[in-house]
Amino acid sequence: MTGEVGEDELPEEDLIATYGGKAVTSVEDVISTIDRKTAYKPWHHPVKQIVRKRQWAALTRRLLNDRADASAKLRYFTLPGPDLLDVRVLSEICHPLGVQIEYFGFDVAAEARPDAGDEPAQVGGWINAESALRQSGRISSDALILPDRLEDLAVEASQAASQLRQRPPFDVINIDACDHLAYRPPGRARNTFDALGALLEHQMGSRTPWLLFITTRAEPSLLGEPQLAFQQAISQNLQAAKGFGQKLAETLEAEEAKLGSAIAGAWNTPGFKFLKLYSVGLAKFLLQFFHSQPNVPANVELASCYAYRVHSEEPDMLALAFRVIPDRPRVYAPGVGGALMVPNLEPERAERVATRAARLQDLDKALEDEPDVREEAISGTESLLFAANYDLTGWKAWLAQHARRPMKVT
């Protein structure tokens, strides 16, 4: 890496304004005055960069290119972490299009503690990153990070829920969770799945397509409450539509006549069949939620699905991307009364979800077998960490000794 300013790097004056220091003549001089960070996290592995670039960035670019309005802002919900890595990546898509990112989210590093091994710079460390992005014109003046937990959204009287109600629907929601959907933080009454429900309710006001990114741990031992919702959504479709059963059997590599036992086995066994079933279950839950709205329905597409290893020998992390496309509002004549007839479009849409889940991609295998993917992931991560002021020499040493995916970077 060199210190030359590329089109995606900050001008010298922005670095000086952000980090302070004496007058200098080059970006290298500015960088040399800054202490490098050396606390590396799971999301600093190149495998995460594949998710950022090929899922989050690629689908956001398509959303911006497809939308009919000329809005100069991307309304974005995020759990950014101290370095705003996701915002940095999306700004590379938005900035050339003249689009600023107006984000709203929570600083998950606000609870970092030095006695737990966290560096002091992590506590509220997003401030420096935000300042640099703001001065470069990549984020709007209305961007806001709160020192709350995601799960607080499900508590109606909380500051988080109150602030959410003041925001219009988002163009992109990114729940980049380090834990699982059933996770309930200490001292909180609600879990991550409850918070997802609050966000889905908020998005019912959207009349334009939007994206939902969910990155979550997924293991049989961590299913909890969401499994019940997923199983119910799948069961209802199996009873209502034969085609969905055929597609789900193909996804699980099972005979349709033995689908019940195949589903039961998949829920209890770590591996790709479990991850595919989990992906279908979550997608079916979302489809059921939006399709069941009597007046403001929407279609849900599973746009991409990735898996990789973080804590286990088997892939245990899912990165799922959903495209939510509002249908036209349903209007009923006066005096209709009784139960409203909802068009039965869900089974056909569910079949497409099952077909897409069957193509779940193993990112660990892609890093090993595809040199172009590996090179892109490494170089992209290096650029991000360099801009976020990490020690790249230390990062390479950390990467070479990684417990799940050791990689040698020259």
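## Concerning the pattern of salt bridges
Under the definition given, this model contains 21 salt bridges. Between Glu 151 and Arg 149 there is a salt bridge, with its nearest N and O atoms 3.7 Å apart. Note on Arg 149: relative accessible area 19%, which makes it buried. In this structure, Lys 365 engages Asp 369 in a salt bridge whose closest nitrogen and oxygen atoms are separated by 2.7 Å. With Lys 365 and Asp 369 both in helix 13 (residues 363-369) and four residues apart, this pair spans about one turn of that helix. Each of Arg 67, Arg 75 and Asp 171 takes part in salt bridges that share partners, so that together they form one network.

## Overview of the packing of helix 3 (residues 46-66) against helix 14 (residues 371-387)
Put simply, helix 3 and helix 14 touch, their axes get as near as 8 Å, and they point 90 degrees apart. Compared by their axis directions, helix 3 and helix 14 come out roughly perpendicular. Across the interface between the two elements, Pro 46, Gln 49, Ile 50, Arg 52 and Arg 54 of helix 3 pack against Asp 372, Val 373, Glu 376, Ala 377, Ile 378, Gly 380, Thr 381 and Leu 384 of helix 14. Each residue belonging to the contact of helix 3 with helix 14 can be placed in one class, and the counts come to six nonpolar, three polar and four charged.

## Brief notes about the confidence of the model for the chain
Overall, the predicted model of the chain reaches an average pLDDT of 83, with 81% of residues at or above 70. Low pLDDT (under 50) marks residues 1-33, which in the prediction has 43 contacts with non-local residues, meaning those over four places away or in another chain. Per-residue pLDDT stays below 50 along residues 112-124; that stretch engages in 17 contacts with residues further than four places along the chain or on separate chains.

## Describing the sheet that holds strand 8 (residues 361-362)
Spatial strand order, 3-2-1-4-5-7-6-8: eight strands in an open sheet with mixed pairing. Each edge of the open sheet carries a strand with a single partner, namely strand 3 (144-146) and strand 8. With six bridges connecting them, strand 1 (residues 73-78) and strand 2 (residues 100-106) associate as parallel partners. Within strand 2, the position partnered with Thr 78 by the bridge is Gly 105. The strands touched by helix 7 (residues 192-203) within the sheet are strand 1, strand 4 (172-176) and strand 5 (210-217), with strand 5 carrying the most contacts at an inclination of about 175 degrees.

## Focus: helix 10 (residues 259-267)
Side chains of residues three or four places apart in an α-helix project in the same direction, reflecting 3.6 residues per turn. Listed in full, the buried residues belonging to helix 10 are Leu 259, Ala 262, Ile 263, Ala 266 and Trp 267. Along the long axis of helix 10, the arc covered by the buried residues comes to 130 degrees, so they all point the same way. Within helix 10, the exposed residues directed more than 90 degrees away from the buried face are Gly 260 and Ser 261.

## Things to note about the packing of aromatic side chains
All told, the structure shown has 16 aromatic pairs when counted by the stated rule. With 5.9 Å between their ring centres and 70 degrees between their planes, Phe 77 and Phe 106 make a pair best called edge-to-face. Linking Phe 77 in strand 1 with Phe 106 in strand 2, this pair joins segments that are 29 residues apart in sequence. Between Phe 193 and Phe 285, the aromatic rings sit 5.1 Å apart at their centres with planes inclined by 45 degrees, giving tilted as the arrangement. Taken as a pair, Phe 193 in helix 7 and Phe 285 in helix 11 (residues 272-291) lie far apart in primary sequence, 92 residues in all. When sorted by exposure, Phe 193 lands in the same class as Phe 285, which is buried. Put simply, the rings of Phe 193, Phe 230, Trp 267, Phe 274, Tyr 278 and Phe 285 touch in pairs and so form one group of aromatic residues.

## A closer look at the side chain of Asp 316
The topology assignment puts Asp 316 in the loop between strand 6 (298-308) and strand 7 (317-326). The side chain of Asp 316 sits in the buried core without any salt bridge; Arg 217 is the nearest counter-charge, 4.6 Å away. Separated by 2.8 Å, the side chain of Asp 316 and the backbone nitrogen of His 311 make a polar contact. Ignoring sequence-local partners within four residues, the contact set of Asp 316 consists of Thr 216, Arg 217, Ala 218, Glu 219, Tyr 308, Arg 309, Val 310 and His 311.

Reading the values: the criteria
Residues numbered from 1 in each chain as written. Predicted model: local features only at pLDDT ≥ 70, side-chain atom pairs only at ≥ 80, totals over all residues. Heavy atoms only, no water. Salt bridge = Lys/Arg side-chain N within 4 Å of Asp/Glu carboxyl O. Buried < 20%, exposed > 50% of the residue type's maximum accessible area, 1.4 Å probe, protein only. Helix = DSSP H or I, 4+ residues; strand = E, 2+ residues; numbered from the N terminus. Axes fitted to C-alpha atoms, helices over the stretch in contact; angles between N-to-C directions. Parallel < 35°, antiparallel > 145°, perpendicular 65-115°, else oblique. Contact = heavy atoms within 4.5 Å. Nonpolar A, V, L, I, M, F, W, Y, C, P; charged D, E, K, R; others polar. pLDDT = per-residue confidence, 0-100. Pairing = 2+ DSSP bridges. Arc of directions from axis to C-beta. Phe/Tyr/Trp six-rings, centres within 6.5 Å; stacked < 30°, edge-to-face > 60°. Lys, Arg positive; Asp, Glu negative; His and termini not counted. Polar contact = N/O pair within 3.5 Å; in protein donor to acceptor, adjacent residues only side chain to side chain.

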